[in-house]
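Residue-level listing of the chains:
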Amino acid sequence: MVSYLKKIIFLFVLFLSLQTTKAQLGFSHEIGAFVGAVAFQSDFGVRSDFETNAGNTGVALGIVHYINFAYRADCNCYSTNTYFNDHFKLRSEISWNKTTLNHFGKWVDDALTSENADRLRRHSGEAENFDIGMQLEYFPRSVRAFSAGVYSFAPFIAAGVHFVSFNPSVTTSYGDNSILNNDNFYSYWDDVSGGDPFISAESGSTWSVVTSVGTRYKLSILSDLFVELRWQYYFDDFVDGLNHKLDSNKANDWNLWLNFGYIYYLD
């Protein structure tokens, strides 16, 4: 736990350092926060199954910082009127999400009475992730016009990269309750494992790519509300604590975020 807290502190200090550097560039700045829901798509349950998607959902929190290229804070004036300055913002973020994971779908149907069905029912996990990263947001409408209140909505699309510190947990109430005993888990995972571990409660880190679509709503000249739908793909398949080799495991872990936030203009 101490090692994990050190990682979090390091990420936070790094984030603050990035903001200090940006503050020297002269562009205007925005800060904000968001809360949201996360639908975690993992090796738990059945992919593309409504019950799985609805059941394996969690919560998300985050703080954000934006560089607004359309306005310069050092002179209280508009920057050079280029297409990039008037249609793009750079977003930095620190966020946290946590999802309790269980098996849903046909393999744990109440009608099934096999030991494997019971093993799945008694197996649960938790995905907890801290992110730090950046994304570039594109606004089809003019950033200057929206900031001045010419229109109320500013839709955007975005893409970026996040560094992720993950801390999964794994539990089972089957057999002797030990996560080190493969006999307590779905037997087919062990059959195709080739001796490799398929259960892990070890903390780790990885990179991820994110892309999102959303809109801002002008609340006042100095504040906005925003909503976004984000897709995030991890370059590791142990983010959820489970990585089996069955054919159904066709991709690494990924998730969908639905975030609601508030933005305040500093300059």
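Overview of the structure. None of the values given here were measured: they were computed from a predicted structure. (Residues numbered from 1 in each chain as written. Predicted model: local features only at pLDDT ≥ 70, side-chain atom pairs only at ≥ 80, totals over all residues. Heavy atoms only, no water.)

Here a ring pair, both rings aromatic, is described through the centre-centre distance and the interplanar angle of the planes. Taken as a whole, this structure holds 16 aromatic pairs when the rule is applied. Considering the side-chain rings of F88 and Y138, the 5.1 Å spacing of their centres and the 45° angle between planes classify their relative orientation as tilted. Placement of the pair is F88 in strand β4 (residues 88-102) and Y138 in strand β5 (residues 123-138), with a sequence separation of 50 residues. With a relative accessible area of 22%, Y138 lands in the partly exposed category. Following the ring pairs from residue to residue traces out a cluster consisting of F69, Y83, F84, F88 and Y138. One residue, K89, lies across the ring of F139, its end atom 5.4 Å from the ring centre. A cation over a ring is seen here: R230 above W257, with NZ or CZ 4.6 Å from the ring centre. (Phe/Tyr/Trp six-rings, centres within 6.5 Å; stacked < 30°, edge-to-face > 60°. Helix = DSSP H or I, 4+ residues; strand = E, 2+ residues; numbered from the N terminus. Buried < 20%, exposed > 50% of the residue type's maximum accessible area, 1.4 Å probe, protein only. Lys NZ or Arg CZ within 6 Å of the ring centre and 35° of its normal.)

Further remarks concern the nonpolar core. Ranked by internal contacts, the top residues of the largest apolar core, which has 25 residues, are F40, F185, W189 and I199. Secondary structure elements with two or more residues in this core: β1 (27-41), β2 (57-72), β6 (153-166), β9 (223-234) and β10 (254-265). Ignoring any residue separated from it by four or fewer positions in sequence, one finds F185 in contact with N116, R119, H123, V170, T172, S178, I179, F198 and I199. V143, F146, Y151 and F156 belong to the second largest nonpolar core, which has 9 residues in total. (Core = buried A, V, L, I, M, F, W, Y, C linked by side-chain atoms within 4.5 Å. Contact = heavy atoms within 4.5 Å.)

Limitation: the analysis is restricted to geometry and does not speak to function.
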